[in-house]
Amino acid sequence: MTTHPSIEHHPDLAEMRTRFERVTTTPRAQAVEALALITGLYLAASPWIAGFGILLPLTINNLIVGLAFCLCMGGLGSAYERTHAMAWTAVVLGAWTIIAPWAIAGEMDATRAVVSNVITGIVALCLGLAMAAMAGRTRDTRV
């Protein structure tokens, strides 16, 4: 019977952690994370900033999605090896933000709400894609 050492000491795991750490320390990754946090905070506060807080369903949606976006993208810097897959969740949240004014029941088509959500959604979508692309670059492509 053979005994195997803990997976924590496996050389491939140590190498993978080193690569993920390198990705998160680049200025590009730090800029994407900072912009993502600002975007999420804006999305959460946008009903009051842009002046469509009276549209209660969209206000609640933006608050929840904005905070969720911050949580998804905020953990990437500190625990990238465990959270880089969350970048794809951020992409979905960005896409939802774009279509939310039309998808939510009720009169949500106020111009301010549509413009704010579409622009913020496009920015969130692009930031999520940028972070997901950085995750893809860390993978070893050797055959």
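Coordinates for the structure precede this section.
Just so it is clear, the model here is predicted, and its values are computed rather than measured.

Chemist: Explain the overall build of the protein chain here, please?
Modeler: Counting secondary structure elements, the protein chain contains six helices and zero strands. Going from N to C terminus, the protein chain has its helices and strands arranged as α-α-α-α-α-α. When contacts within the protein chain are restricted to residue pairs at least 6 apart in sequence, long-range pairs at least 24 apart make up 69% of them.

Chemist: Is there a simple way to explain a nonpolar patch on the surface in this structure?
Modeler: A cluster of nonpolar residues, Trp48, Leu63 and Leu67, forms a patch on the protein surface that exposes about 310 Å² of accessible area. Positionally, Trp48 belongs in helix α2 (residues 27-49).

Chemist: Quick question: what am I supposed to make of the packing of helix α3 (residues 56-74) against helix α5 (residues 86-103) here?
Modeler: For any two helices packed against each other, the geometry comes down to the angle between their axes and how far apart the axes lie. Closest axis-to-axis distance for the α3/α5 pair is 9 Å, and the angle between their directions is 160 degrees. In terms of orientation, α3 and α5 fall into the roughly antiparallel class. For the element pair α3 and α5, the recorded crossing hand is left-handed. From α3, Leu58, Asn61, Val65, Ala68, Phe69, Cys72 and Met73 reach across to α5, where they touch Met86, Ala87, Thr89, Ala90, Leu93, Trp96, Thr97, Ala100 and Pro101. Looking at the contact of α3 with α5 residue by residue, the class counts come to 13 nonpolar, three polar and no charged.

Chemist: Teacher, can you tell me more about the nonpolar core here?
Modeler: Soluble globular proteins tend to bury their nonpolar side chains together. Val32, Ala36, Phe69, Met73, Leu93, Met131 and Met134 are the most contacted members of the largest nonpolar core, which totals 16 residues. Ranked by residue count, the leading element in this core is helix α6 (residues 111-137), at five residues. Ignoring sequence-local partners within four residues, the contact set of Ala36 consists of Phe69, Met73 and Leu127. Core analysis: the next-biggest nonpolar cluster, separate from the first, contains six residues, Phe52, Leu55, Leu58 and Ala100 among them.

Chemist: What am I meant to see in the environment of Ala29 here?
Modeler: Tracing the backbone shows Ala29 in helix α2. The exposure class of Ala29 is buried, given its relative accessible area of 4%. When the C-alpha positions of Ala29 and Met131 are compared, they lie 7.1 Å apart, and in sequence the two are 102 residues distant.

Chemist: Hey, could you run me through α2 in this one?
Modeler: Since the α-helix advances by 3.6 residues per turn, residues separated by three or four positions end up pointing in the same direction. The largest bend along α2 measures about 40 degrees and falls at Leu43, with the proline Pro47 one to four residues further on. The set of residues buried in α2 consists of Ala29, Val32, Glu33, Ala36, Thr39, Gly40, Leu43, Ala44, Ser46 and Pro47. Positive phi shows up at Gly51, right after α2, with a value of about 85 degrees.

Chemist: Mind showing me how you'd approach the packing of α2 against α3 here?
Modeler: Between α2 and α3, whose axes approach to 7 Å, the crossing angle comes to 165 degrees. Between α2 and α3, the crossing angle belongs to the class labelled roughly antiparallel. Handedness of the crossing formed by α2 with α3: left-handed. Facing α2, whose interface residues are Val32, Glu33, Ala36, Leu37, Thr39, Gly40, Leu41, Leu43, Ala44, Ser46, Pro47 and Trp48, α3 presents Thr59, Asn62, Leu63, Val65, Gly66, Leu67, Phe69, Cys70, Met73 and Gly74. When its residues are assigned to classes, the contact of α2 with α3 shows 14 nonpolar, seven polar and one charged.

Calculation criteria
- Residues numbered from 1 in each chain as written.
- Predicted model: local features only at pLDDT ≥ 70, side-chain atom pairs only at ≥ 80, totals over all residues.
- Heavy atoms only, no water.
- Helix = DSSP H or I, 4+ residues; strand = E, 2+ residues; numbered from the N terminus.
- Contact = heavy atoms within 4.5 Å.
- Patch = residues over 30% accessible without salt bridge, like charges linked within 9 Å, V, L, I, M, F, W, Y side chains within 5 Å.
- Areas by Shrake-Rupley, 256 points an atom, 1.4 Å probe, with all protein chains shown as cover.
- Salt bridge = Lys/Arg side-chain N within 4 Å of Asp/Glu carboxyl O.
- Axes fitted to C-alpha atoms, helices over the stretch in contact; angles between N-to-C directions.
- Parallel < 35°, antiparallel > 145°, perpendicular 65-115°, else oblique.
- Left-handed = near helix turned anticlockwise from the far one by under 90°.
- Nonpolar A, V, L, I, M, F, W, Y, C, P; charged D, E, K, R; others polar.
- Core = buried A, V, L, I, M, F, W, Y, C linked by side-chain atoms within 4.5 Å.
- Buried < 20%, exposed > 50% of the residue type's maximum accessible area, 1.4 Å probe, protein only.
- Bend = angle between axes of the 7 residues up to and from the residue.

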